[in-house]
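Here is what each chain is made of, one letter per residue.
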Amino acid sequence: MYLPETKIKTVKRLLILHTLPEWHFIIQTFTYPHKGRLLDINLRYDDQGVVLAGPIFSSPKVALLLEFLREKGLRETLAIGWAGKNPEGNLKLGDLLIPNKAISLEGTTKFYFENKDIFEVNNHIFTNTKELLRRFKIPFKVGTILTADAPWRIEHIKRRIEALKKNKIDIEALDMETSAYYGILEFYRITGIALHFISDEIGWFTNKRPEGIMKSQRRRLSLFVEHFLKNGFEIIA
C-alpha cells in the first residue's frame, strides 16, 4: 500500500492523542522540534525517538499508525482518548478511566486474531501506570471498555452489554479504538496502555462535555504524560 515518506528514522516511544482537544493541549504543553504528517495524522517528534500523533479517530487509523511506526522500532506507547460511560456503571462524567480489559465489537482486530475478542493490558504496565498516577495524585477508575466501529447503534450495543453481563462481564464504557489498540500491541508484543476521559454517556446525545472537570484532569495528567515521554512506564525511585 502507498505510504508517504517521512523524516522519522527511528521510534522508541509513542504518545497517541485520539481527540483534537487532547492533541491541542499536549502540543501546547510539550514542545518538540519537528513536525510532520502521516496521511491526515499530525506528528510531532524529536531526534531521540519520541513521537506524538493525533488526532487518531477509529480502530483502522490506530492500526495504520502502529503498523507504520513498528517498522521504525516502536516498543512503547501511551494512548489518551475519550469514552462514553455505561449509564448502569459506576463512572461519572469527567472521570479518568484505565481500561484493564477491552472487548472488540470492531472489525480491525479480526485481521490479527480471528477467534479472539477480549484483550487485556500487560499486567506489569497496568501496575506501574496505577502506581505512577497515584504518585502524581491523579484520581482514576479501572474497568472494562467495549470498542465498536458504530457506537451510535445503541440498541445493538445494549444487547451486547446485556449478553456480557450474563457472562459476568461488566462494561464500564464505550469507545472506538481500545480493543484494536490492545490487540495490535499484543500481536506485535509492543508495550502500552490507554487512558480515557469520560466525556459522555451511552444513549445520551449532547454537544456539551464536562469541560471544567476535564481541564483540571488534563493538567494533572500532564505530569504522568511528561514522565512517560521521558522515562516510559519505568518507575524512577
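Computed from a predicted structure; not experimentally measured.

A. Local environment of the nonpolar core. L15, L65, L78 and L221 are the most contacted members of the largest nonpolar core, which has 65 residues in total. Once residues lying within four places of it in the same chain are set aside, the contact partners of L15 are I26, V51, L52, A53, L78, I80, V225, F228 and L229. With 11 residues, the next largest nonpolar core counts L146, A148, I154 and I157 among its residues.

B. Inspection of helix 6 (residues 211-231) at higher detail. The end-to-end C-alpha separation of helix 6 is 29 Å, in line with the 30 Å expected for 21 residues at 1.5 Å each. The axis of helix 6 is deflected most strongly, by about 30°, at L221. Listing the buried residues of helix 6 in full gives M214, Q217, R218, L221, S222, F224, V225, H227, F228 and L229. Immediately downstream of helix 6, the backbone of G232 shows phi near 70°, a positive value.

C. Broad picture of the packing of helix 1 (residues 20-29) against helix 6. Contact geometry of helix 1 with helix 6 gives a least axis separation of 11 Å together with a crossing angle of 50°. When the axes of helix 1 and helix 6 are compared, the pair comes out oblique. Along this stretch, helix 1 crosses helix 6, giving a crossing that reads as right-handed. Taken together, the residues of helix 6 that come into contact with helix 1 (itself represented by P21, E22, F25, I26 and T29) are M214, R218, R219, S222 and V225. Among the residues making up the contact of helix 1 with helix 6, the classes are represented as five nonpolar, two polar and three charged.

D. How the structure looks around the packing of aromatic side chains. For the structure shown, the criterion picks out seven aromatic pairs. Considering the side-chain rings of F113 and F187, the 5.8 Å spacing of their centres and the 90° angle between planes classify their relative orientation as edge-to-face. Within this pair, whereas F113 is found in the loop between strand 6 (96-105) and strand 7 (118-120), its partner F187 is found in helix 5 (residues 178-188), the two being separated by 74 residues in sequence. Site record: aromatic cluster; members linked through ring pairs are Y112, F113, F119, F187 and Y188. Taking NZ or CZ as reference, K116 lies 5.3 Å from the ring centre of F113, over its face.

E. Expanded view of the packing of helix 2 (residues 59-70) against helix 5. The geometry of helix 2 relative to helix 5 is characterised by a closest axis approach of 9 Å and an angle of 25° between their N-to-C directions. As summarised for this structure, helix 2 and helix 5 are arranged roughly parallel, according to the angle between their axes. The element helix 2 and its partner helix 5 pack so that their crossing is right-handed. Touching S59, V62, A63, L66, E67 and R70 of helix 2 are A180, Y181, I184, L185 and Y188, all from helix 5. Of the residues in the contact of helix 2 with helix 5, the class split is eight nonpolar, one polar and two charged.

Rules behind the numbers
- Residues numbered from 1 in each chain as written.
- Predicted model: local features only at pLDDT ≥ 70, side-chain atom pairs only at ≥ 80, totals over all residues.
- Heavy atoms only, no water.
- Core = buried A, V, L, I, M, F, W, Y, C linked by side-chain atoms within 4.5 Å.
- Buried < 20%, exposed > 50% of the residue type's maximum accessible area, 1.4 Å probe, protein only.
- Contact = heavy atoms within 4.5 Å.
- Helix = DSSP H or I, 4+ residues; strand = E, 2+ residues; numbered from the N terminus.
- Expected span 1.5 Å × (residues − 1).
- Bend = angle between axes of the 7 residues up to and from the residue.
- Axes fitted to C-alpha atoms, helices over the stretch in contact; angles between N-to-C directions.
- Parallel < 35°, antiparallel > 145°, perpendicular 65-115°, else oblique.
- Left-handed = near helix turned anticlockwise from the far one by under 90°.
- Nonpolar A, V, L, I, M, F, W, Y, C, P; charged D, E, K, R; others polar.
- Phe/Tyr/Trp six-rings, centres within 6.5 Å; stacked < 30°, edge-to-face > 60°.
- Lys NZ or Arg CZ within 6 Å of the ring centre and 35° of its normal.

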